[in-house]
Amino acid sequence: MQFLKYHALGNDYIVIDPAAIETDLTPDRIRAICHRHYGIGSDGILFGPTESETCDFGVRIFNPDGSEAEKSGNGLRIFARYLRDKGLAGMEAFAIETAGGPVSARVHETPDTVSVDMGTVSFDAAQIPVNGKTGEVLHQTMTVAGTELEYCAATVGNPHCIILRDAISEDETRTMGSIIETDPMFPNRTNVQFMKIMDRENVAIEIWERGAGYTLASGSSASASAAVARRIGKCDDRIAVHMPGGRLDITVNADYFISLTGPVTAIAEGIIYPEMFEA
């Protein structure tokens, strides 16, 4: 099984072309490939290109626990770079179909920089979805591990819960992230961001990614956080989102349509041997 591996600000993905494998990519195989000690190790798998009736390319995005994600900002930037590296896409913008809706991607003249239009963010409880809430889910409170937290919720094609904090930390994110991810109010589970507003052009986030755990960077998390920061009046339309892995530059227009730009780095190309799955 051939693969390529990239990272986007430390958020690493393995790209596997469906045409290059002779076996099914089952949840057990996904977990084995993504395992940090017994596999290649990654934050997920990009399975593509697949056929699409509406876009230039399609891709399926898998989490390391074997579940399928609707959308990933970093994953899509990596996939766009992969398509350019393989000569399947040029410097013009092209469309990619995901389970969370279509996106437009563009690889810059220097291919280590990639932009993706993530689509429109919604804060509506029914669209995210959030059980027990109606209308926009903004400035709500929940109690986690004895701590009262203020949160907002949003969807960028996948669900997000953004916790508003004066200070953020990896320890708090690891302690509370999994609890919030699986809270019954989120029927599809949720990605979790702990966000500190720095000024009107900068926010910082720590990330607990649904199906992956603590993560150095996430494009959809950065998008949802920036959209929330603008929606609650704390930031303007151009926002730098700072994460442990680095920075993404986000534009949030008046309709909360999101565009993001950031780096992608190629790591390795190789072959996965069948005995890995037999161990």
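Everything numeric here is computed off the predicted structure, so don't read it as measured data. (Residues numbered from 1 in each chain as written. Predicted model: local features only at pLDDT ≥ 70, side-chain atom pairs only at ≥ 80, totals over all residues. Heavy atoms only, no water.)

(A) Inspection of the overall build of the protein at higher detail. Looking only at helices and strands, the protein features five helices and 18 strands. Computed over its C-alpha atoms, the radius of gyration of the protein comes to 18 Å, within 12% of the 19 Å expected for a compact globule of 279 residues. Its C-alpha atoms give the protein principal-axis dimensions of roughly 50 × 45 × 30 Å. The proportion of buried residues among the 279 residues of the protein is 52%. Taking the intrachain contacts of the protein between residues at least 6 apart in sequence as the baseline, contacts between residues at least 24 apart amount to 61%. In the form shown here, the protein has an accessible surface area of approximately 11900 Å², with 45% of it arising from carbon and sulfur atoms. Here the protein carries 23 positive and 39 negative side-chain charges, and the mean point of each set is 4 Å from the other. (Helix = DSSP H or I, 4+ residues; strand = E, 2+ residues; numbered from the N terminus. Rg over C-alpha atoms; globule rule 2.2 N^0.38 Å. Buried < 20%, exposed > 50% of the residue type's maximum accessible area, 1.4 Å probe, protein only. Contact = heavy atoms within 4.5 Å. Areas by Shrake-Rupley, 256 points an atom, 1.4 Å probe, with all protein chains shown as cover. Lys, Arg positive; Asp, Glu negative; His and termini not counted. Charge placed at Lys NZ, Arg CZ, Asp CG, Glu CD.)

(B) Fine view of the side chain of threonine 190. Among the secondary structure elements, threonine 190 is positioned in the loop between α3 (170-181) and β12 (191-199). Apart from residues no more than four positions distant in its own chain, threonine 190 is found in contact with Pro159, His160, Cys161, Ile180, Glu181 and Arg210.

(C) Examining the pairing of strand β4 (residues 57-62) more closely. Within β4, five of the six residues are buried, which leaves it mostly tucked inside the rest of the structure. Sheet topology places strand β3 (residues 45-50) next to β4; four bridges connect them, and they run antiparallel. Pairing of isoleucine 45 across the sheet is with phenylalanine 62, part of β4. Connecting the antiparallel pair β3 and β4 is a turn made up of six residues. In terms of strand pairing, β4 meets strand β5 (residues 68-69) through two bridges, oriented antiparallel. The partner of isoleucine 61 across the bridge, within β5, is alanine 69. (Pairing = 2+ DSSP bridges.)

(D) The pattern of salt bridges, seen in detail. What the rule picks out here adds up to 15 salt bridges. Between glutamate 68 and arginine 60 there is a salt bridge; the shortest N-O distance is 2.8 Å. Classification of glutamate 68 by relative accessible area gives partly exposed; the value is 35%. The salt bridge partner of glutamate 136 is arginine 231, with a shortest N-O separation of 2.8 Å. Taken together, the residues glutamate 136 in the loop between β8 (113-120) and β9 (140-144) and arginine 231 in helix α4 (residues 219-231) connect sequence positions 95 residues apart. Look at arginine 231 and you get partly exposed, because its relative accessible area is 31%. Several salt bridges converge on common partners, so that one network encompasses Lys5, Asp12, Arg36 and Asp43. (Salt bridge = Lys/Arg side-chain N within 4 Å of Asp/Glu carboxyl O.)

(E) Quick look at the packing of aromatic side chains. Within this structure, the stated rule accounts for four aromatic pairs. Their ring planes at 20° and their centres at 6.0 Å tell us that phenylalanine 79 and tyrosine 82 sit as a pair that is stacked. Highlighted residues: phenylalanine 79 and tyrosine 82, both in helix α2 (residues 73-85), separated by three residues, approximately one helical turn. Each member of the pair, phenylalanine 79 as well as tyrosine 82, carries the same accessibility label: buried. (Phe/Tyr/Trp six-rings, centres within 6.5 Å; stacked < 30°, edge-to-face > 60°.)

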